[in-house]
Amino acid sequence: MDQQKAREIKSQLADYARELAERSGAAIEARDVPDAAEVVRAPTLAIGLAPHDDGGYAIAVRYRLGVPTARSIARKVASEAGDTVDVRRTGRIRPLAGPDGRGGGSEGGPGLRPPVVTAYATGETGRVRPLRPGVSIAHVDVTAGTLGAFVRIGEPPVAGADAASVYALSNWHVLAGSPSARVGDVVVQPGPADGGSAPDDRVGTLAALVPLEAGVTQTVDAAVALLDDPTVGPEYPVGRVTETAVALGGEAVGKSGRTTGVTTGRVTAIELDDVVVGYGDGLGALRFDDQIEVESTGDGPFSRGGDSGSLVYREDGVALGLLFAGSETGGANGTGLTYCNPIGTVLERLGATLLA
């Protein structure tokens, strides 16, 4: 079916799935929200569009392990969708970085996936100057994530910034990491989990972010840091990425991350709504709409803990998304699925453009 028809059916099925969930009392389990007094009611399925072999679209249905009756609801929704449906089991979906125990937060919490230990990471965990995409970076009180890209900001958000200022783009949970984070907080490279500390490894300060709030539907997990030194190396690993595009599904993509380095994948779903991501202490389980899903096309995973903030790009070097979360299971090789915010939405929310 064409994209417009698929969107109409997706909307109908989302309403049906919510109705089934309300009837059954299905909910996100309390372990995803460790500081909550009660179980948080949330959607049991994520529903979007999946590329179909005929060039059109199927309905993407994603359900999570550990949620009562989720599999039964997924089957009923799939039955309503007919032949054009792509059903996958994901397990819990979590951000791929967390707070540093040396700071004000807890050591990740059960909702966050901590970065892979430095010694087992195959990406760049050391000190890199000039900065480039794919290196370890983080707020001084966060473990470690990935520097995704370099951007300009239309209007300087902090004192001292000007039209020539360069910003590092990554996730909120990498460059801020807590609702208590403030503009001006120190950002280090490498991240604290990889030995970075202030002031020796300071590279900039938190400059702008899109707040994450409990109980509010989100579209992006994003933030930027104003760099102390605007001299950067943006060409790694596919040349300078200056263009963006809307993901259509089926694209061959790549990313460069702190943990798994350069990996390849395929966009397996777009416009996914009701993607529930467990942020652990404080924020709990957050719902994201209009997300992109990627599965690995290599032998290993497309992403692991610490790859948060990576820029996801097409083979021709056009940016599609900002990586922020991953599932425990799923994908063609069983190594999990990766979730990304559409890059256009990220840049719009931050008032940013890719560095030309």
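Residue positions are given per chain, counting from 1 as you read along its sequence in written order. Reporting of local features is limited, given that this is a predicted model, to residues whose pLDDT is at least 70; pairs of side-chain atoms are given and counted only at 80 or more, and all residues count toward the totals for whole chains, interfaces and linings. Hydrogens are left out, water is left out, and the side-chain values use all remaining heavy atoms of the structure.

Q: Now, about the packing of helix H1 (residues 3-24) against helix H2 (residues 70-81): what can you tell me, with residues and values included?
A: In this description, a line fitted to the C-alpha atoms serves as the axis of each element, helices being fitted only across the stretch in contact, and the angle between N-to-C directions of two axes falls anywhere from 0 to 180 degrees. Put simply, DSSP H or I for four residues or longer makes a helix, DSSP E for two residues or longer makes a strand, and each gets a number counted from the N terminus. Where H1 contacts H2, the axes come no closer than 10 Å and their chain directions differ by 150°. In terms of orientation, H1 and H2 fall into the roughly antiparallel class. Pair H1 / H2 crosses with right-handed handedness. Here Leu13, Tyr16, Ala17, Leu20, Ala21 and Ser24 of H1 lie close against H2, whose contacting residues are Ile73, Lys76, Val77, Glu80 and Ala81. Comment on the angle field: the value is read as roughly parallel under 35 degrees, roughly antiparallel over 145, roughly perpendicular from 65 to 115, and oblique elsewhere. Two helices that cross are described as forming a left-handed crossing if the nearer one is turned anticlockwise from the farther one by less than a right angle, and a right-handed crossing if clockwise. Between two residues, a contact is recorded if the distance between any of their heavy atoms is within 4.5 Å.

Q: Can you explain the pattern of salt bridges? Please cite residues and give values.
A: Salt bridges are defined as contacts in which a side-chain nitrogen from Lys or Arg sits within 4 Å of a carboxyl oxygen from Asp or Glu. Summed over the entire model, instances satisfying the criterion amount to 17 salt bridges. Across the pair Arg62 and Asp86 runs a salt bridge, and its minimum N-O distance is 3.3 Å. In this pair, Arg62 is assigned in strand E2 (residues 57-63) and Asp86 in strand E3 (residues 85-89), connecting sequence segments 24 residues apart. Judged on exposure class, the residue Arg62 and its partner Asp86 are both buried. Look at Arg62 and you get buried, because its relative accessible area is 3%. The network of salt bridges with common partners includes Asp15, Arg18, Asp274, Arg287 and Asp289. Using a 1.4 Å probe on the protein chains alone, a residue whose accessible area is under 20% of its type maximum counts as buried, one over 50% counts as exposed, and one in between counts as partly exposed.

Q: Describe the environment of Gly191, and please don't skip the residues or the numbers.
A: Mapped onto the elements of the fold, Gly191 is located in the loop between strand E9 (186-188) and strand E10 (202-209). Judged by relative accessible area, which is 0%, Gly191 ranks as buried. Residues Gly191 and Gly126, spaced 65 residues apart in sequence, show a C-alpha to C-alpha distance of 8.9 Å. Beyond its immediate sequence surroundings of up to four residues, Gly191 is in contact with Ser136, Ile137, Ala138, Thr143, Ala144 and Gly196.

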